[in-house]
Number of protein chains: 2
Amino acid sequence: MKISILGGGGFLGRKIAARLAKDGTLGGHPVTGLTLFDIAEPSRPAAGFPVASLAGDIVTLPDSAIPEGTDVVFHLAAVVSAQAEADYDLGRRVNLRGTDAVIDRCRALVAAGGKPPRVVFTSSIASFSGSQNVTVADNTRQVPGNSYGAQKAAAELILADASRRGFLDAVSLRLPTVIVRPGRPNKAASSFFSAIVREPLLGLDAELPVADDFAVWVCSPRRALDWLLHAAVMDTGKMGLDRSIDPPGISTTVAHLLQALEDVAPGAASHVKRVEDRAIAAIVSTWPPAFEALHARTLGFSAHEPVLDVIRAFIEDDLAATRAERGL
Amino acid sequence: MKISILGGGGFLGRKIAARLAKDGTLGGHPVTGLTLFDIAEPSRPAAGFPVASLAGDIVTLPDSAIPEGTDVVFHLAAVVSAQAEADYDLGRRVNLRGTDAVIDRCRALVAAGGKPPRVVFTSSIASFSGSQNVTVADNTRQVPGNSYGAQKAAAELILADASRRGFLDAVSLRLPTVIVRPGRPNKAASSFFSAIVREPLLGLDAELPVADDFAVWVCSPRRALDWLLHAAVMDTGKMGLDRSIDPPGISTTVAHLLQALEDVAPGAASHVKRVEDRAIAAIVSTWPPAFEALHARTLGFSAHEPVLDVIRAFIEDDLAATRAERGL
Ligand SMILES: NC(=O)c1ccc[n+]([C@@H]2O[C@H](COP(=O)([O-])OP(=O)(O)OC[C@H]3O[C@@H](n4cnc5c(N)ncnc54)[C@H](O)[C@@H]3O)[C@@H](O)[C@H]2O)c1
Ligand SMILES: NC(=O)c1ccc[n+]([C@@H]2O[C@H](COP(=O)([O-])OP(=O)(O)OC[C@H]3O[C@@H](n4cnc5c(N)ncnc54)[C@H](O)[C@@H]3O)[C@@H](O)[C@H]2O)c1
């Protein structure tokens, strides 16, 4: 298995790379090479197979980012929600032109006689809009309420078409908000959902820009990783023209999340400060808080663990590294 | 009302231009200027207001194609279905990058203090797929079975987002197959639906690449024109984030169409030759033959006339001109 991770220096990209390095296999096949690509050269995990690391812009993707013989491409490179909202040109460039560049590289490999690479694309629930009491069905149309979501939904369409044409073999996962994100707050509008757990566990304050009864569709990094790896090896023959999946996340509320935090670390929730932020609230309040995710279950995507386990897993997997990274 | 028609030299573009020239008004307001833009300089109708005609590529849209103060842009320029399927790069360039160019021009006008122009975009039922016995609801997700449809659906998303951002004020009409198209066969996969009526009325043979019981969602040029003009002036305040409309076409079958042709011109249907064409059949057989189109009705889009009237209207409006154009 020859694998590339575009956006390999990011949160999920690093998790995939670390997991592949640890396992040495993907879907039962030995990994024979891994290429990491990001704006800044991603750090390489120690692995029992060759790992290349490249810096560059996805829009002018160098051929070496997806070398000949690549079996799986994780296409994670993206300008995230709040940033794509603040900078329209940047979002369009990276999220749409970047995806075209991935397609063109795969297409060139196929034209040269190669097999269409599996492309695992990370779309987002931000591509949907709906009120706080909507449950989204698998065939519901995406009516995005932000530029990031519109760009993700458009990229899904273009990738599904490229799959139909045999340029590549795409699986687009519409990821829920992944919590708890380690490290520092980022430019996603959803950043606070992680911050209200992570910062208190670091002994720091965090701002909550929405009401306590705000409902949200989330998943853990462990579950996201599982889904991404499953998407990389699953049989796409059953998918037909539709290459997009709403994976089975869980629906929770801020209050429920903070209660779980209190259960795990009594007193921690007092670090959460209610500070209204209308720009952030305007973006996240259009994201539906629940999905049926029936199709994903029949396609073998694993079910989600409860919220308490999500917080415990963060402490186990990422708290120490986050503390070290931030010099705390 | 200052109006631009991009793709103004095409079938529907010429019909809109002729109608505006005849009426002198749009939505009760006098037309004060019309700009036509296409690859080749479109011919200008005689009108009681200034008409400019420009040649160029939509991807490198000159500012003069959408002059300052433009109220309405009809964005019809497109690489149609069979051609976009045959030439992926061309379809992507014109159908996606072309739409970006329209957005960027409108955005520049708004940045300079102008009002967001109404942009009437012609999407297509080719952006849906489904079997011959599906009726598409207004909130059904687009799962295109061809590149043209994927590009149209992606462009709808990007235009809706641009509307939300205030760059423009879009209405995307997912037009049914417009029959009877005058002139010559074109590169749309649906070209034969018009040819099997038009060619026999010209005394010529036409090939039918699908079975007689094949069902199809159609509209007449008269109805399409009505809808396009309504979309140009309707109140978009009620639309919210969703700027796309399935207009109320009619569902018919090839057999029904040929029966109507026989009723209007006895013997004409004998010109229709059954010649299987799998490439064409593969494209059109994924287009759903019926739509609920409920939203369109509440938004004031006019109901469709029966198929017999469609054929009579072609004879009244376009048969003589087609005969002359083709030297018959
Ligand atoms: N984390 C979440 O909650 C979440 C939810 C839904 C979807 N997603 C999607 O999952 C993917 C990964 O998410 P993440 O949390 O790891 O994001 P991240 O921001 O940590 O990683 C994205 C990476 O893309 C890189 N990138 C940005 N522009 C680039 C360019 N022009 N060229 C090359 N690389 C570029 C960034 O440098 C970054 O390392 C993204 O596509 C994101 O949109 C994430
Ligand atoms: N006619 C139908 O049955 C039908 C059905 C659904 C949707 N539509 C859509 O409606 C619109 C108009 O349809 P039509 O039947 O008038 O099509 P048409 O092909 O007659 O007109 C399209 C025009 O776009 C122009 N064009 C193509 N590439 C261009 C470029 N790079 N720069 C500038 N102009 C360019 C062409 O020269 C042509 O005149 C199209 O967007 C089409 O996709 C039509």
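Residues numbered from 1 in each chain as written. Chains lettered and ligands numbered in written order. Predicted model: local features only at pLDDT ≥ 70, side-chain atom pairs only at ≥ 80, totals over all residues. Heavy atoms only, no water.

(A) Structural view of unusual backbone geometry. Residue and element names in this part refer to chain A. In the segment running from Ile179 into Val180, the intervening peptide bond is cis, with an omega of 5°. A positive phi angle, close to 50°, is found at Ala293, a residue other than glycine. Its location among the elements puts Ala293 in the loop between strand E16 (290-291) and helix H9 (294-298). Overall, Ala293 belongs to the buried group, its relative accessible area being 0%. (Helix = DSSP H or I, 4+ residues; strand = E, 2+ residues; numbered from the N terminus. Buried < 20%, exposed > 50% of the residue type's maximum accessible area, 1.4 Å probe, protein only.)

(B) Just the relation of the copies chain B and chain A, in detail. Expressed as a screw transformation, the operator carrying chain B onto chain A has a rotation angle of 180° and an axial translation of 0.0 Å, and the superposed copies differ by an RMSD of 0.0 Å. Put plainly, the chains are arranged around a two-fold axis. The fraction of interface residues of chain B whose copies in chain A are also interface residues reaches 100%, indicating that both copies meet through the same surface. (Least-squares fit on C-alpha atoms with pLDDT ≥ 70 in both. Contact = heavy atoms within 4.5 Å.)

(C) Highlighting the interface of chain B and chain A. Between chain B and chain A, the contact holds 35 residues from the first and 35 residues from the second. Roughly 3,000 Å² of surface becomes buried between chain B and chain A when both sides are summed, with 47% attributable to carbon and sulfur atoms. For chain B, the biggest contributors to the area lost against chain A are Tyr88, Arg141 and Leu157 of chain B; these three give 24% of the whole. In this assembly, chain B and chain A are joined by 13 salt bridges. With a closest N to O distance of 2.9 Å, Arg164 of chain B and Glu85 of chain A form a salt bridge. For the interface between chain B and chain A, the tally reads 24 residue pairs in polar contact (both at pLDDT 80 or more). Going through the elements one at a time, helix H2 (81-86), helix H3 (88-111) and helix H4 (147-164) of chain B are the ones with two or more residues in the side of chain B that touches chain A. The greatest single-element share of the side of chain B that touches chain A, amounting to nine residues, is contributed by H3 of chain B. For the side of chain B that touches chain A, the class distribution of residues is 13 nonpolar, eight polar and 14 charged. (Buried area = accessible area lost by both parts, 1.4 Å probe. Salt bridge = Lys/Arg side-chain N within 4 Å of Asp/Glu carboxyl O. Polar contact = N/O pair within 3.5 Å; in protein donor to acceptor, adjacent residues only side chain to side chain. Nonpolar A, V, L, I, M, F, W, Y, C, P; charged D, E, K, R; others polar.)

(D) Spatial organisation of the sheet that holds strand E9 (residues 169-175) of chain B. Residues and elements named next belong to chain B. Strand order across the open sheet formed by seven strands is E5-E4-E1-E6-E7-E9-E13, with parallel pairing between neighbours. A single partner strand is all that each edge strand has here, and the edge strands are strand E5 (51-55) and strand E13 (244-245). Alignment of strand E4 (residues 33-38) against E5, held across five bridges, turns out to be parallel. In the strand pairing of E5, Thr35 is matched with Ala52. Where helix H1 (residues 11-23) meets the sheet, its contacts fall on strand E1 (2-6), E4, strand E6 (72-75) and E9, and the angle it forms with E1 comes to roughly 160°. (Pairing = 2+ DSSP bridges. Axes fitted to C-alpha atoms, helices over the stretch in contact; angles between N-to-C directions.)

(E) Geometry of the sheet that holds strand E14 (residues 250-253) of chain A. Residue and element names in this part refer to chain A. Ordered by their spatial adjacency, three strands build an open sheet running E10-E12-E14, and the pairing between neighbours is mixed. Every other strand in the sheet has two partners, leaving strand E10 (177-178) and E14 as the edge strands with one partner each. Sheet analysis places E10 next to strand E12 (residues 215-219), joined by two bridges and oriented parallel. Opposite Thr177, over in E12, you have Val218 as the bridge partner.

(F) Examining the UniProt feature "domain: NAD-dependent epimerase/dehydratase" (unreviewed entry) in chain A more closely. According to UniProt, the "domain: NAD-dependent epimerase/dehydratase" (unreviewed entry) feature falls on residues 4-204 of chain A. Taken as a whole, residues 4-204 of chain A contains 36% helix and 20% strand, while its terminal C-alpha atoms sit 36 Å from one another. (UniProt positions renumbered as here; feature names shortened; annotations may be inferred.)

(G) Helix H10 (residues 307-325) of chain A, seen in detail. Residues and elements named next belong to chain A. Look at H10: 25 Å from first C-alpha to last across 19 residues, which is about the 27 Å you get at 1.5 Å a residue. Largest kink in H10: about 55°, centred on Asp318. Among the residues of H10, Val307, Val310, Ile311, Ala313, Phe314, Asp318, Leu319 and Thr322 are the ones counted as buried. Residue Gly327 follows H10 closely and has a positive phi angle near 65°. (Expected span 1.5 Å × (residues − 1). Bend = angle between axes of the 7 residues up to and from the residue.)

(H) Spotlight on the site of ligand 2. All names here are of chain B. Taken together, 25 residues are adjacent to ligand 2, and Leu12, Asp38, Leu76, Tyr148 and Arg181 come closest. Contact between ligand 2 and Asp57: a nitrogen atom at 2.9 Å from a side-chain N or O atom of the residue. A distance of 2.5 Å is found between an oxygen atom of ligand 2 and a side-chain nitrogen or oxygen belonging to Tyr148. Relative to its unbound accessible area of 810 Å², ligand 2 is 88% covered by the protein chains. Mapped onto the shell around ligand 2, the elements with two or more residues apiece are H1, E4, strand E7 (118-124), H4 and strand E10 (177-178). Looking at which element gives the most residues to the shell around ligand 2, the answer is E7, with three residues. Considered class by class, the residues forming the shell around ligand 2 number 13 nonpolar, eight polar and four charged. (Near = heavy atom within 4 Å. Areas by Shrake-Rupley, 256 points an atom, 1.4 Å probe, with all protein chains shown as cover.)

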